[in-house]
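Chain by chain, the residues:
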Amino acid sequence: MCGQFTGWPEQAMDVLWQLQGEPTQATRERHRADRERLVRQPMIALLNEVADTDPRYEDFSVWHYRTDSWWWQHQGAVIRLGRKIEIGLRFSLDGLRVQGAWWYPDPGQVDTFRKAVASEGSGRELSAIVEDLGKKGYDISGDVMKRPPRGYPADHPRTNLLRHRSLIAARPLGCEEWLHTSEAVDRVLSAAADLDALLMWLVRHVKRAA
């Protein structure tokens, strides 16, 4: 499938259903061409349309298949906005899921993040952003320490954020009829707008390691 995104064909779900469980190599190969055409290529078309709306979204990748069966059952993609900062998309039998993430940080990025969290202006800004995303239904997660990091008081007002070594805001967009139409582009753009404040904060404050 090339060109304009018109949604994932309904047959895409049939292909993913055939790949559930632990499909044999023969089963994977039998469905490879259909999966490429019905599952992966629509993701590429969708992200091309998303990129057309904003040049910040032009650096994207749509994953191929790996040895682990999970990668055959879930079509992943990322839009890179900064070093280790990205929008992630995942299409599966559960529908479409989106996340904004800063993860797998480079050395020094965690310290840079914590300094920005501890700073009164940037820290308050991030706290408000995360709170707003929670109200919009995003699950806030990441690699979180059990205790506050050394060098920061245990009673710091943003201790929960200081304990993060990565930060992810994610939510399912659903598995409804719009997945099979061009409306999926608008759904992704709406989620990207939700995540924009978080991701731009991260680009400003932790894009480069200290």
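What you see is a predicted model; the values in this text were computed from it and never measured.

Asks: Help me understand the overall build of the protein chain in this model?
Replies: Scanning the protein chain for helices and strands turns up seven helices and six strands. Listed by position from the N terminus, the elements making up the protein chain come as α-α-β-α-β-β-β-α-α-β-α-β-α. Split by element, the accessible area of the protein chain, about 10700 Å² in all, is 48% carbon and sulfur. Side-chain charges of the protein chain comprise 29 positive and 29 negative groups, with the mean position of each set lying 9 Å from the other.

Asks: I'm lost on helix H2 (residues 25–53) in this one. Help?
Replies: Because an α-helix completes one turn every 3.6 residues, residues spaced three or four positions apart along the sequence face the same direction. Between its first and last C-alpha, H2 extends 39 Å over 29 residues, near the 42 Å set by a 1.5 Å rise per residue. The sharpest bend along H2 reaches about 50° and sits at Arg35.

Asks: Help me understand the environment of Tyr104 in this model?
Replies: With respect to the helices and strands, the residue Tyr104 is situated in the loop between strand E4 (95–102) and helix H4 (109–118). The class for Tyr104 is exposed, based on a relative accessible area of 60%.

Asks: Looking at this model, I keep getting lost on the packing of aromatic side chains. Mind explaining?
Replies: What the rule picks out here adds up to seven aromatic pairs. Pairing Trp70 with Trp71 gives two aromatic rings, centres 5.1 Å apart and planes at 80°, and the pair type is edge-to-face. Three or more aromatic residues joined by ring pairs form one cluster here, namely Phe5, Trp8 and Phe91.

The rules behind these values
- Residues numbered from 1 in each chain as written.
- Predicted model: local features only at pLDDT ≥ 70, side-chain atom pairs only at ≥ 80, totals over all residues.
- Heavy atoms only, no water.
- Helix = DSSP H or I, 4+ residues; strand = E, 2+ residues; numbered from the N terminus.
- Areas by Shrake-Rupley, 256 points an atom, 1.4 Å probe, with all protein chains shown as cover.
- Lys, Arg positive; Asp, Glu negative; His and termini not counted.
- Charge placed at Lys NZ, Arg CZ, Asp CG, Glu CD.
- Expected span 1.5 Å × (residues − 1).
- Bend = angle between axes of the 7 residues up to and from the residue.
- Buried < 20%, exposed > 50% of the residue type's maximum accessible area, 1.4 Å probe, protein only.
- Phe/Tyr/Trp six-rings, centres within 6.5 Å; stacked < 30°, edge-to-face > 60°.

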